[in-house]
Number of protein chains: 2
Amino acid sequence: MRVYLAGPEVFLPDALEVAAAKKRVCAAHGLEGVFPLDPPPAAPPAEMPYWMRIYLGNEAHIRSCQALIANLTPFRGPSADVGTVYELGFMRALGRPVAGYSTAAADFLARTRGFLGAAARPRADGGFEDAESMGLEDFGLGDNLMIDGGIAAAGGAFERHDAAGDRWRDLAAFERCCARIARG
Amino acid sequence: MRVYLAGPEVFLPDALEVAAAKKRVCAAHGLEGVFPLDPPPAAPPAEMPYWMRIYLGNEAHIRSCQALIANLTPFRGPSADVGTVYELGFMRALGRPVAGYSTAAADFLARTRGFLGAAARPRADGGFEDAESMGLEDFGLGDNLMIDGGIAAAGGAFERHDAAGDRWRDLAAFERCCARIARG
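Residues numbered from 1 in each chain as written. Chains lettered and ligands numbered in written order. Predicted model: local features only at pLDDT ≥ 70, side-chain atom pairs only at ≥ 80, totals over all residues. Heavy atoms only, no water.

Visitor: In this structure, what is going on with the relation of the copies chain B and chain A? I would like to understand it.
Guide: What relates the two chain copies is a rotation about an axis together with a slide along it. Screw-axis analysis of chain B against chain A gives a translation of 0.0 Å along the axis, an RMSD of 0.0 Å, and a rotation angle of 180°. With respect to symmetry, the two chain copies, as superposed, fit the operation of a two-fold axis. When the interface residues of chain B are mapped onto chain A, 100% of them again lie at the interface, so the same face is used by both copies. (Least-squares fit on C-alpha atoms with pLDDT ≥ 70 in both. Contact = heavy atoms within 4.5 Å.)

Here is the structure:
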């Protein structure tokens, strides 16, 4: 089974080494990990802008895979990387299994309050809002409910676990996702 | 044509008033705007958790619509709201038209540098990276390339325009999306 490995690790200087480590974990569970930087199934037209070729290559990768595992570790804010989340929604709409994980165990409300600091203020109804009076989600979830909901609707799990060491290279929660996808 | 109105306005205290204003713009272009908080086509099972019922309602809304317009205005960080981005990826995978807009005109690199401040540092290759050595995208786009790429692949546009007044209630860029979707 081919599994697309969505996540912001593509931005790391040693992205290919991280990809290789994730692929080894996949292989130990009988899965073939497909990393966004792998050569796509069909090369997009060379006259397209570089970024559009990357986009089309990733879309083709996702369509070629039978499942997706998303690294939803918070990225430059309280939520996951938006590129990863786009790919998660895309795969859910294709009706295939998805799983997600984060190397931060805290729930979304706690993380958002931490991000906003003093700008997070209590509402009369017991919830919280930001400086623009926009409410904070408080469902005990890992991220925005569309993320947790999409994973649940697809029968997957959102594995959260505080990283031991480097948060982009701790693969314990990722491995739990692999085991779950392999069980089917 | 039914158009799903994805965006973080659901978190505003006057979300229903903002929804009504967006629906009026849709109607002026011959479109029927569908807001996430509208009653879903079919009520999810009452025994499900509240957040899961919201998720399934939104998914049903998206499947019932022929197009999607995403409010991609930066939300608690340099990127768009992840719930909105999930929905954008979902609709793109369904193969239907999508459009996006933001009431912040600056490109993604400038916004990410602004968000990171002194933590954004130059790389030897001329680009920038953050404090974890993760690269910053620099393609002159509105957000992560998966967002701009998905909209472009679907034949849509990402309209960016600095808000005059309140950034959640300026509908000029939204109206350009409506006009484009209505033209087909």
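Moving on from the coordinates now.
Visitor: So what exactly am I meant to see when it comes to the interface of chain B and chain A here?
Guide: By a widely used convention, the size of an interface equals the accessible area lost when the partners come together. Residue-level contacts link 57 residues of chain B with 57 residues of chain A. Roughly 4500 Å² of surface becomes buried between chain B and chain A when both sides are summed, with 72% attributable to carbon and sulfur atoms. Ionic pairing is found between E132(B) and R167(A), a salt bridge with its closest N-O pair at 2.7 Å. Linking chain B with chain A are 16 residue pairs in polar contact (both at pLDDT 80 or more). Among the secondary structure elements, those contributing two or more residues to the side of chain B that touches chain A are α2 (50-64), α3 (82-93), α4 (108-116) and α5 (145-153) of chain B. For the side of chain B that touches chain A, the class distribution of residues is 32 nonpolar, 11 polar and 14 charged. (Buried area = accessible area lost by both parts, 1.4 Å probe. Salt bridge = Lys/Arg side-chain N within 4 Å of Asp/Glu carboxyl O. Polar contact = N/O pair within 3.5 Å; in protein donor to acceptor, adjacent residues only side chain to side chain. Helix = DSSP H or I, 4+ residues; strand = E, 2+ residues; numbered from the N terminus. Nonpolar A, V, L, I, M, F, W, Y, C, P; charged D, E, K, R; others polar.)

Visitor: Would you mind going over the pattern of salt bridges with me for this structure?
Guide: When charged atoms on two side chains of opposite charge get close, those side chains can pair. All names here are of chain B. Overall, the coordinates contain 26 salt bridges over all chains when judged by the stated rule. Residue E129 pairs with R121 through a salt bridge whose shortest N-O separation is 2.9 Å. Accessibility expressed as a relative area gives 14% for E129, which makes it buried. A relative accessible area of 31% places R121 in the partly exposed class. (Buried < 20%, exposed > 50% of the residue type's maximum accessible area, 1.4 Å probe, protein only.)

Visitor: Any chance you could explain the domain arrangement of chain A here in plain terms?
Guide: All names here are of chain A. Partitioning chain A into domains gives domain 1 (2-107 + 142-183) and domain 2 (108-141). Computed over C-alpha atoms only, the centres of domain 1 and domain 2 are separated by 27 Å. The interface of domain 1 with domain 2 comprises 13 residues on the first partner and 10 residues on the second. With both sides pooled, the region where domain 1 packs onto domain 2 buries about 990 Å², and carbon together with sulfur makes up 59% of that total. For domain 1, the biggest contributors to the area lost against domain 2 are P78, D107 and L145; these three give 53% of the whole. One can count 1 salt bridge joining domain 1 with domain 2. Where domain 1 packs against domain 2, one counts 9 residue pairs in polar contact (both at pLDDT 80 or more). Within the side of domain 1 that touches domain 2, the residues separate by chemical class into 5 nonpolar, 4 polar and 4 charged. (Domains from an automatic or database assignment.)

Visitor: Is there a simple way to explain the sheet that holds strand β2 (residues 32-34) of chain A in this structure?
Guide: One key point about sheets: their strands pair by backbone hydrogen bonds, in either a parallel or an antiparallel sense. Residues and elements named next belong to chain A. Pairing in this open sheet of 5 strands is parallel, and the strands run β2-β1-β3-β4-β7 from one edge to the other. Edge strands, defined here as strands with exactly one partner in the open sheet, are β2 and β7 (158-160). In this sheet, neighbouring strand axes are inclined to one another by 25° on average, regardless of whether the strands run parallel or antiparallel. Here strand β1 (residues 2-6) runs beside β2; their pairing, made up of 3 bridges, is parallel. (Pairing = 2+ DSSP bridges. Axes fitted to C-alpha atoms, helices over the stretch in contact; angles between N-to-C directions.)

Visitor: Would you take a moment to explain helix α4 (residues 108-116) of chain A for this structure?
Guide: Residue and element names in this part refer to chain A. Every buried residue of α4 is listed here: F108, L109, R111, T112 and L116. An end-on view of α4 places all buried positions within 165° of arc, on one side of the element. Against the buried residues of α4 lie β6 (128-129). Of the residues trailing α4, G117 is marked for its positive phi of about 60°. (Arc of directions from axis to C-beta.)

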